[in-house]
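Reading the structure
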Amino acid sequence: MTRVLPIGPRAFLVELADLDATLALFDALAADPVAGVAEIVPAARTLMVTTDPGVPADAALARAVLAREPAPGTAPAPRSAETVEIPVTYDGEDLAEVATLMGLTTDEVIAAHQAATWQVAFCGFAPGFAYMTCADARFDLPRRPAPRTRIPAGSVALAGRFCGIYPQASPGGWQLIGRTEVPMFDLTRDVPALLRPGVRARFVSGSARVHLVTVPDPAPVTGLRVVQTAFPILVQDAGRMGQAGQGVSASGALDLGALRRANRAVGNPAGEAALEITLGPVRLRAEVAMTLALTGAATARVGGRAQPVTFALDAGDEVTIDPPARGMRSYLAIRGGFDVAPVLGSCATDSLAQIGPAPLMAGDVLAPAGRAAGAVTDPGPGPDLPQAGAVLTLPVTLGPRTDWFDDATVQRFLAQEWTVTPQSSRVGIRLSGEALAREDARELPSEGTATGAIQVPHSGQPVLFLADHPLTGGYPVIATLHPAALDLAGQLPPGTRIRFAADAPFADIDPEASDVS
């Protein structure tokens, strides 16, 4: 049975019978695209469908997607013939446990792992993290009861009949059987992800030699110098789209409205890269004359005097940005843009994936690009921003996994106030309140997650995903924040209390009405 589950006004989830059915529909949509679909994120049993701006994720679009569904039993299209050999040192912490679960000795586990041909079904979780499957059903293994807080880069792991290799150090709940020194994601390659959908992998014992490259010291840079900052300053633009095949999410400015206002104020394209400043205090020094604009939470001072949104600096001038009384983030744009190189088509710094320009700290300098700029536009006033202790109501769409919770739990999720904790980041806002218990205790196969998804981990304390969230996740999403509320979410300081108001489920893609046999 195929179901269409709501995510929001521009996204829904198509749930299918199994991985083969999912990949078969994904292939069919690639061969015969549906107008208005911006991106499709495949996963173990689902496709997350996101639409172009202005295109609703409604019944008409859902019907068009389902009309491409092949007949039951249709095999996925033949994938890439490329095969990669990956040397592994089999010394993982969970190798003995895996052997027990499989009813084998550790040597037999290693032999079976090397005998199988593993094929990449989809990518997600982190850039370069590939979900690989094989024909050996013995590798259908559970995740660990409790995830580790840090798994080293290169760790080879198993869970749910998938094999994966962690491209960077990160938390994770898979069973570790070994490690490899082969980089899974390398921006110096033409295609950074080594393992992409369709690529086959064979594992062998051994290690790969790491080649060290000497990089000359960069030439001195003149521009806007960071003198003092409480938190790393990030370069952000409107984000990078279309990289789901490599497991890369969009990232970009948390408050896109503030970014666009700053750029309009200095005549730049609305999505131009600017500096995202968290709280404060920050002091910056101009080493050349420049025109800047600051929007969002804070205001600028030069020589002790408050500045308007747009202001000019001469060489040697210093600008101070104090901690704001409301909100969290400010955006500083320079006329003509900053001189930063795009990575995968964007200058956004993804804090989770570690893609994009390096965070700026005291002593760092960013040069102006000096590109031609257009007419300066009055950006108008920004919206009122929240302060710690305030109570806000944020609109959500229930789903796609609301049915993993009983009615009383869903009502408790909506009725109570949740507090934003200091552990929040660009990845997500961690909330504190009365824990939510799951009615369904099964493991959820990894599936695409949207920005704004409210995921409920085993702790029962929800996490509201922001721009740097993983592309896929394995915990149920009880609701998804409306896209129009994402800018406000990016400005919530710790201590803010929020309540969620659910709209009526999108009737056009009501899960019951959309069931097909």
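Data block above holds the structure.
Below is a summary of the structure that appears in this document. (Residues numbered from 1 in each chain as written. Predicted model: local features only at pLDDT ≥ 70, side-chain atom pairs only at ≥ 80, totals over all residues. Heavy atoms only, no water.)

Quick notes on the overall build of the protein chain
- A tally of regular secondary structure across the protein chain gives seven helices and 33 strands.
- Computed over its C-alpha atoms, the radius of gyration of the protein chain comes to 24 Å, within 12% of the 24 Å expected for a compact globule of 517 residues.
- The buried share of the protein chain, reckoned over its 517 residues, is 51%.
- Taking contacts inside the protein chain between residues at least 6 apart in sequence as the whole, the part at least 24 apart equals 74%.
- When the accessible surface of the protein chain is summed, it comes to about 21700 Å², and 54% of that surface belongs to carbon and sulfur atoms.
- Across the protein chain, the mean location of the 39 positive side-chain charges is 4 Å away from that of the 53 negative side-chain charges. (Helix = DSSP H or I, 4+ residues; strand = E, 2+ residues; numbered from the N terminus. Rg over C-alpha atoms; globule rule 2.2 N^0.38 Å. Buried < 20%, exposed > 50% of the residue type's maximum accessible area, 1.4 Å probe, protein only. Contact = heavy atoms within 4.5 Å. Areas by Shrake-Rupley, 256 points an atom, 1.4 Å probe, with all protein chains shown as cover. Lys, Arg positive; Asp, Glu negative; His and termini not counted. Charge placed at Lys NZ, Arg CZ, Asp CG, Glu CD.)

Some remarks on the pairing of strand E3 (residues 37-42)
- Of all the six residues making up E3, five are buried; the element is thus mostly covered by neighbouring parts of the structure.
- Bridge count between E3 and strand E4 (residues 46-51): five bridges; the pairing is antiparallel. Counterpart to Pro 42 in the pairing with E4 is Leu 47.
- If you look at the hairpin formed by E3 and E4, you'll find three residues sitting between the two strands. (Pairing = 2+ DSSP bridges.)

Focus: the packing of helix H3 (residues 95-102) against helix H4 (residues 106-115)
- Two numbers describe how H3 lies on H4: the axes approach to 8 Å, and their chain directions differ by 85 degrees. It follows from the interaxial angle that H3 and H4 lie roughly perpendicular. Here Leu 95, Ala 96, Val 98, Ala 99 and Met 102 of H3 come into contact with H4, specifically with Thr 106, Val 109 and Ile 110.
- Taken together, the residues of the contact of H3 with H4 sort by class into seven nonpolar, one polar and no charged. (Axes fitted to C-alpha atoms, helices over the stretch in contact; angles between N-to-C directions. Parallel < 35°, antiparallel > 145°, perpendicular 65-115°, else oblique. Nonpolar A, V, L, I, M, F, W, Y, C, P; charged D, E, K, R; others polar.)

Side note on the side chain of Thr 229
- As for its placement among the helices and strands, Thr 229 is situated in strand E14 (residues 224-229).
- Polar side-chain contacts of Thr 229 include one of 2.5 Å to the backbone oxygen of Phe 231.
- The residues touching Thr 229, leaving out its near neighbours within four places in the chain, are Pro 281, Val 282, Leu 360, Met 361 and Ala 362. (Polar contact = N/O pair within 3.5 Å; in protein donor to acceptor, adjacent residues only side chain to side chain.)

Thoughts on the sheet that holds strand E21 (residues 310-313)
- One open sheet holds the five strands; their spatial order is E15-E16-E23-E18-E21, and the pairing between them is antiparallel. Edge strands, defined here as strands with exactly one partner in the open sheet, are strand E15 (234-236) and E21. Strand after strand, the sheet turns through a mean of 35 degrees between neighbouring axes, direction not considered.
- Judged from the four bridges that link them, strand E16 (residues 274-278) and strand E23 (residues 329-334) form a sheet pairing that is antiparallel. When the sheet's bridge partners are listed, Thr 278 is paired in E23 with Arg 329.
- Where helix H5 (residues 256-265) meets the sheet, it contacts E15, E16, strand E18 (290-296), E21 and E23, and its direction lies at approximately 155 degrees from that of E18.

Looking at the pattern of salt bridges
- Taken as a whole and assessed by the stated rule, the structure comprises 20 salt bridges.
- Residue Glu 318 pairs with Arg 283 through a salt bridge whose shortest N-O separation is 2.9 Å. Note that Glu 318 is positioned in strand E22 (residues 318-321) and Arg 283 in strand E17 (residues 282-286), a separation of 35 residues in sequence.
- Given the relative accessible area of 25%, Glu 318 is considered partly exposed.
- With a closest N to O distance of 2.9 Å, Arg 401 and Glu 447 form a salt bridge. Separated by 46 residues along the polypeptide, Arg 401 in the loop between strand E25 (391-398) and helix H6 (407-415) and Glu 447 in strand E28 (residues 447-448) bring together distant segments of the chain. Take Arg 401 and Glu 447: they sit in the same class, and that class is buried.
- Salt bridges here are not isolated pairs; linked through shared partners, they connect Arg 3, Glu 15, Arg 401, Asp 403 and Glu 447. (Salt bridge = Lys/Arg side-chain N within 4 Å of Asp/Glu carboxyl O.)

Focus: H3
- For H3, the complete set of buried residues consists of Leu 95, Val 98, Ala 99 and Met 102. The buried side chains of H3 occupy one side of the element, clustering within an arc of 100 degrees when seen end-on.
- Where H3 is buried, its residues touch H4, strand E9 (155-159) and strand E12 (175-179).
- Looking one or two places after H3, you find Gly 103, whose phi comes out positive at around 70 degrees. (Arc of directions from axis to C-beta.)

Topic: the nonpolar core
- Among the nonpolar cores identified, the biggest contains 39 residues, and Phe 413, Ile 429, Ile 454, Ile 478, Leu 481, Ile 498 and Phe 500 are the most heavily contacted of them.
- Among the elements that line this core, the one with the most residues is H5, at four residues.
- Once you skip the residues sitting within four places of it in the chain, Leu 481 turns out to touch Leu 394, Pro 395, Val 396, Gly 452, Leu 464, Leu 486 and Ala 489.
- Grouped together as the second largest cluster of nonpolar side chains are 32 residues, Val 84, Ala 116, Leu 141 and Ile 165 included. (Core = buried A, V, L, I, M, F, W, Y, C linked by side-chain atoms within 4.5 Å.)

What to know about the sheet that holds strand E30 (residues 463-465)
- Within the closed barrel, the seven strands sit side by side as E25-E32-E29-E30-E27-E26-E33. Their pairing is mixed. If you compare each strand with its neighbour and ignore which way they point, the axes differ by 40 degrees on average.
- On the sheet, H6 packs against E25, strand E26 (418-420), strand E29 (453-455), strand E32 (477-481) and strand E33 (497-502) and is oriented at approximately 130 degrees with respect to E33.

Some points on helix H1 (residues 19-31)
- The end-to-end C-alpha distance of H1, which contains 13 residues, comes to 18 Å, matching closely the 18 Å that a straight helix rising 1.5 Å per residue would cover.
- Every buried residue belonging to H1 is among Leu 19, Thr 22, Leu 23, Ala 24, Leu 25, Asp 27, Ala 28 and Leu 29, and all of these are buried.
- The opening residue of H1 is Asp 18, an N-cap whose side-chain oxygen sits 3.3 Å from the backbone nitrogen of Asp 20. (Expected span 1.5 Å × (residues − 1).)

Details of the pairing of E14
- Bridge count for E14 against E17 is five bridges, and the pairing is antiparallel. Its bridge partner being in E17, Leu 224 is matched across the sheet by Ala 286.
- Bridging between E14 and strand E24 (residues 365-366) involves two bridges; their strand directions are antiparallel. Counterpart to Arg 225 in the pairing with E24 is Val 365.

Observations concerning the environment of Ala 358
- Counting through the fold element by element, Ala 358 comes out in the loop between E23 and E24.
- With relative accessibility at 55%, the residue Ala 358 sits in the exposed group.
- The sequence separation of Ala 358 and Ala 348 amounts to ten residues, and the corresponding C-alpha distance is 9.9 Å.

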